[in-house]
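# Remarks on the overall topology
So the chains spell out like this:
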Amino acid sequence: QVQLVESGGGLVQSGGSLRLSCAASGIIFTLYDMGWYRQAPGKQRELVAVITSGKKTNYADSVKGRFTISRDNGENMVFLQMNKLKPEDTAVYYCNAHLQAPLGKTPVDYWGLGTQVTVSS
């Protein structure tokens, strides 16, 4: 059974920091690209940051220079360090595990239940 369990969300003032964690189980962690997505009320879910199985990273323009994604393959965990938080970062943050598929096959995606991040002005 695959589980992605997020933690570390909460209420923080503008300019503050939070560190999100995601513990993965039931998958061969090293094979998966791991990502953080977020969804604000009334908006679509959007990619925040991704770290590939080869540890390459990519960020949404809105968080570049403020957020850092990392992974610990020994502990099957992925992290999102969020600094200089802004009210517009307020959202539910979701952990994603993505397995790329060979040509003609369907990729595999797993999601956590999310953790709320609220940034007050």
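For the structure, check the block above.
Residues numbered from 1 in each chain as written. Predicted model: local features only at pLDDT ≥ 70, side-chain atom pairs only at ≥ 80, totals over all residues. Heavy atoms only, no water.

### Focus: the pattern of salt bridges
One pass over the structure, following the stated rule, counts 4 salt bridges. With a shortest N-O distance of 2.9 Å, R38 and D89 are connected by a salt bridge. Taken as a pair, R38 in strand β4 (residues 33–39) and D89 in the loop between β8 (77–82) and β9 (91–99) lie far apart in primary sequence, 51 residues in all. Neither R38 nor D89 differs from the other in exposure class; each is buried. The partner of K64 in a salt bridge is D61, with the nearest N and O atoms 3.1 Å apart. Classification of D61 by relative accessible area gives exposed; the value is 65%. Each of the salt bridges in this network shares a partner with another, and the network as a whole consists of R38, E46, R66 and D89. (Salt bridge = Lys/Arg side-chain N within 4 Å of Asp/Glu carboxyl O. Helix = DSSP H or I, 4+ residues; strand = E, 2+ residues; numbered from the N terminus. Buried < 20%, exposed > 50% of the residue type's maximum accessible area, 1.4 Å probe, protein only.)

### Section: the side chain of D89
Since its relative accessible area comes to 1%, D89 is described here as buried. Separated by 2.9 Å, the side chains of D89 and R38 make a polar contact. Contact partners of D89, with chain neighbours within four places excluded, come to R38, R66, F67, K84, V117 and V119. (Polar contact = N/O pair within 3.5 Å; in protein donor to acceptor, adjacent residues only side chain to side chain. Contact = heavy atoms within 4.5 Å.)

### Digging into the packing of aromatic side chains
By the definition in use, this model includes 2 aromatic pairs. Aromatic pair Y32 and Y110: ring centres 6.2 Å apart, planes at 45°, arrangement tilted. Residue Y32 is found in the loop between β3 (18–25) and β4, and its partner Y110 is found in strand β10 (residues 108–111); the two are separated by 78 residues along the sequence. Using a relative accessible area of 7% as the deciding quantity, one classes Y32 as buried. According to the relative accessible area criterion, Y110 is partly exposed, its value standing at 29%. On the basis of an interplanar angle of 70° and a centroid distance of 4.9 Å, the ring pair of Y37 and W111 is categorised as edge-to-face. In this pair, Y37 is assigned in strand β4 and W111 in strand β10, connecting sequence segments 74 residues apart. Y37 gets classed as partly exposed once you look at its relative accessible area, which sits at 22%. (Phe/Tyr/Trp six-rings, centres within 6.5 Å; stacked < 30°, edge-to-face > 60°.)

### Thoughts on the state of the cysteines
Tallying each qualifying case throughout the model produces 1 disulfide. Between the sulfur of C22 and that of C95 lies a disulfide, 2.1 Å long from S to S. When the S-S torsion is -80°, as for the bridge of C22 with C95, the disulfide is left-handed. Of the two residues, C22 is situated in strand β3 and C95 in strand β9; the sequence distance between them amounts to 73 residues. (Disulfide = S-S within 2.5 Å.)

### Thoughts on the environment of S53
Mapped onto the fold, S53 is located in the loop between β5 (46–51) and β6 (57–59). Apart from residues no more than four positions distant in its own chain, S53 is found in contact with T30, L31, Y32, D33 and R71.

### Some points on the pairing of strand β1 (residues 3–7)
Side-chain alternation along β1 places L4 and E6 on a buried face and Q3, V5 and S7 on a face that remains uncovered. Two elements, β1 and β3, share 5 bridges in a ladder whose sense is antiparallel. Counted as the bridge partner of Q3 is S25 from β3. (Pairing = 2+ DSSP bridges.)

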